[in-house]
Amino acid sequence: MKHIPKVELHRHLELSIRDSTMKELAPKFGFDLSKEGAFDHHFKIKEPMNDLGAVLHKFLDTQKLLATEEILERISYEACEDAHNEGIKILELRYAPTFVALDHPELSFQSIHDAFVRGAEKAEKEFNMAVGFIGILQRILPVEDNLKVMDFMVENKNSFIGVDLADNEVGFDPGPFAPCFEKAKAAGLKVTIHAGEALQEGSEKNILDSVSKLHAERIGHGIQCYRDPEVLKFVVDNKIPLEVCPTSNLLTNAAASIEEHPIQKLLDAGVWVTLNADDPGIFDQNLLEEYELLHDKLGFSEKTLLECSHRAAQVSFISEEKKQKVWPYDLKKQASEIH
Ligand SMILES: [Zn+2]
């Protein structure tokens, strides 16, 4: 699987810290990793999250490590290097400035962003890859706060390729965030929205609202669309690419098992499926392993995986010129035409 050129459209940079780096940093921030299992206890989710409260501290423990510009630059560079080693040529990294800045008063949104960009620019040259950043708004924060975060992203529109709305969608409909995404649209920023992820009644409707009210051009996850024929038809007819993250879906109980994951149903229905890793650091996997999982457990052929990959390259928010420089196939060719 390693030789298949890959594209990552959905990777949270804050949750993509390399194990060796976490192990090096953690003791400096008060974590005692000497006991057996301590590292996994603080930083890894390896089993389905039956109790979200029980794992929430892992996100916050990881967040504590994001304390200085130097660390952020390093994490960004290493995330690109790791992606390169998975065979990724086009990499979209996303992060929430509000999450990184939490309890780190010495970091401003601007200093966080500049550090991430520095790390990625260094890696882009070194590994001949195309990297872009998506800025995330957190659903759990008030709209007024998110309007300010969006202003920051618009001010930096030359180094953001797009924006996103993330966190658990249950209880947080897309609609109220429309004023934030009007600003993004006016500034020419692309939009992808986490929607239709949770295995919960009505989550698939968030896909429709994300497109109609927030101008989403792609959907993060979106896998629950298969449960409603009307939503599925909408996604297919409007060629809305889904950023599918199989292992993440298993760990968050969005799918009960890989065998029951709807990815094959989505492909059969004609959905533009792309494959992604979501949170490689905390979920203890990567995109190469996602390809292996689908190949080994669901019998996906190399041809199918390459087609998903080429489609992802086409729908990446990074500029056509920048993408084509690193992508081995003609981006104007249909996925079915390449081999
Ligand atoms: Zn995500």
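Here, every reference points to the structure presented above.
Definitions and cut-offs
- Residues numbered from 1 in each chain as written.
- Predicted model: local features only at pLDDT ≥ 70, side-chain atom pairs only at ≥ 80, totals over all residues.
- Heavy atoms only, no water.
- Phe/Tyr/Trp six-rings, centres within 6.5 Å; stacked < 30°, edge-to-face > 60°.
- Lys NZ or Arg CZ within 6 Å of the ring centre and 35° of its normal.
- Donors = N, O, S within 2.8 Å, 3.2 Å for Na, K, Ca; no water.
- Tetrahedral: all angles 85-135°; square planar, octahedral: opposite > 155°, others 65-115°.
- Helix = DSSP H or I, 4+ residues; strand = E, 2+ residues; numbered from the N terminus.
- Buried < 20%, exposed > 50% of the residue type's maximum accessible area, 1.4 Å probe, protein only.
- Expected span 1.5 Å × (residues − 1).
- Contact = heavy atoms within 4.5 Å.
- Polar contact = N/O pair within 3.5 Å; in protein donor to acceptor, adjacent residues only side chain to side chain.
- Pairing = 2+ DSSP bridges.
- Axes fitted to C-alpha atoms, helices over the stretch in contact; angles between N-to-C directions.
- Salt bridge = Lys/Arg side-chain N within 4 Å of Asp/Glu carboxyl O.
- Core = buried A, V, L, I, M, F, W, Y, C linked by side-chain atoms within 4.5 Å.
- Right-handed = clockwise from strand over helix to strand, strands pointing away.

**A short note on the packing of aromatic side chains**
Here the structure, examined in full by the defined rule, presents 10 aromatic pairs. A connected cluster of aromatic rings, assembled from ring pairs, spans Tyr95, Phe109, Phe116, Phe133, Phe152 and Phe160. Over the face of the ring belonging to tyrosine 291 we find lysine 6, whose NZ or CZ atom lies 5.2 Å from the ring centre. Directly above the ring of phenylalanine 317 sits arginine 218, whose terminal nitrogen or CZ lies 3.8 Å from the centroid.

**A short note on the coordination of the zinc ion**
At this site the zinc ion is bound by His10 (NE2), His12 (NE2), His194 (NE2) and Asp278 (OD), with donor distances of 2.1 to 2.5 Å. Each of the four donor atoms around the zinc ion contributes to a set of angles spanning 82 to 169 degrees, which defines the coordination as irregular. Here the donor residues of the zinc ion are spaced in sequence according to H-x1-H-x181-H-x83-D. A residue pair is termed long-range when its members are at least 10 positions apart, and histidine 12 in strand S1 (residues 6-12) and aspartate 278 in the loop between strand S8 (273-275) and helix H13 (280-283) qualify at 266 residues. Residue aspartate 278 is classed as buried on the basis of its relative accessible area, which comes to 4%.

**As for unusual backbone geometry**
Its identity is not glycine, yet asparagine 128 carries a phi of approximately 50 degrees, on the positive side. Tracing the chain through its elements places asparagine 128 in the loop between helix H6 (109-127) and strand S3 (130-138). Phi is positive for aspartate 278, close to 70 degrees, though the residue is something other than glycine.

**Some remarks on helix H14 (residues 287-298)**
Relative to the 16 Å expected for 12 residues at 1.5 Å per residue, H14 spans 16 Å between its end C-alpha atoms, a close match to the ideal helical length. Considered for burial, the residues of H14 that qualify are Leu287, Leu288, Glu290, Tyr291, Leu293 and Leu294. Of the surrounding secondary structure, the elements contacted by the buried residues of H14 are S1, strand S2 (88-95), helix H11 (246-251), helix H12 (263-269), S8 and helix H15 (302-315). A side-chain oxygen of the first residue of H14 lies 3.0 Å from the backbone nitrogen of leucine 288; this N-cap is asparagine 286.

**A look at H15**
Here H15 spans 20 Å end to end across 14 residues, near enough to the 20 Å set by a 1.5 Å rise per residue. If you check which residues of H15 are buried, you get Leu305, Leu306, Cys308, Ser309, His310, Arg311, Ala312, Ala313 and Val315.

**Quick look at the sheet that holds strand S6 (residues 218-221)**
Judged by pairing direction, the sheet is parallel, and its eight strands sit side by side in the order S1-S2-S3-S4-S5-S6-S7-S8 without closing on themselves. The sheet is open, and its two edges are formed by S1 and S8, each paired on a single side. Across this sheet, the average inter-strand angle for adjacent strands is 25 degrees, counted without regard to direction. Of the strand pairs in this sheet, strand S5 (residues 190-195) and S6 are connected by four bridges, and their pairing is parallel. Its bridge partner being in S6, isoleucine 193 is matched across the sheet by isoleucine 219. Relative to the sheet, helix H9 (residues 205-214) contacts strand S4 (162-166), S5 and S6, its axis offset from that of S5 by approximately 155 degrees.

**Looking at the environment of isoleucine 45**
Among the structural elements, isoleucine 45 can be located in the loop between helix H2 (38-43) and helix H3 (52-64). For isoleucine 45, a relative accessible area of 2% gives the class buried. For isoleucine 45, the residues in contact, after removing those within four places along its chain, are Val55, Lys58, Phe59, Leu251, Ile282 and Phe283.

**Description of the pattern of salt bridges**
One pass over the full model with this rule turns up 28 salt bridges. Between glutamate 243 and arginine 94 there is a salt bridge whose closest N-O contact spans 3.0 Å. With glutamate 243 in strand S7 (residues 242-244) and arginine 94 in strand S2, this pair connects stretches of sequence that are 149 residues apart. Look at arginine 94 and you get buried, because its relative accessible area is 0%. What you see here is one network of salt bridges that share partners, running through Arg18, Glu24, Lys28, Arg74, Glu78, Glu81 and Asp82.

**With respect to the environment of valine 7**
Secondary-structure assignment places valine 7 in strand S1. The spacing of valine 7 and glutamine 314 is 307 residues in sequence and 9.7 Å in space, taken between C-alpha atoms. Excluding residues within four positions of it along the chain, valine 7 makes contact with Ile88, Ile90, Leu275, Asn276, Leu287, Ser309, Ala312, Ala313 and Trp327.

**Quick word on the environment of isoleucine 282**
Mapped onto the elements of the fold, isoleucine 282 is located in helix H13. Put simply, isoleucine 282 and asparagine 206 are 76 residues apart on the chain and 26 Å apart in space, counted from C-alpha to C-alpha.

**Examining the nonpolar core**
Membership of the largest hydrophobic core comes to 107 residues, with the highest contact counts inside it found for Tyr95, Phe133, Phe181 and Leu275. In this structure leucine 275 touches Val7, Val244, Pro246, Ile263, Leu287, Tyr291, Leu294, Leu305 and Cys308, once residues within four positions along its chain are discounted. Counting residues in each nonpolar core, the second largest holds eight residues, with Leu15, Ile45, Met49 and Phe59 among its members.

**Thoughts on the pairing of S6**
Remark: a regular strand shows side chains that alternate across the two faces of the sheet. Regarding the hand of the β-α-β motif, the stretch spanning S5, H9 and S6 is right-handed. Across two bridges, the pairing between S6 and S7 is parallel. Directly across from isoleucine 219, in S7, lies its bridge partner leucine 242. Once you follow S6 into helix H10 (residues 229-237) and on to S7, the crossover reads as right-handed.

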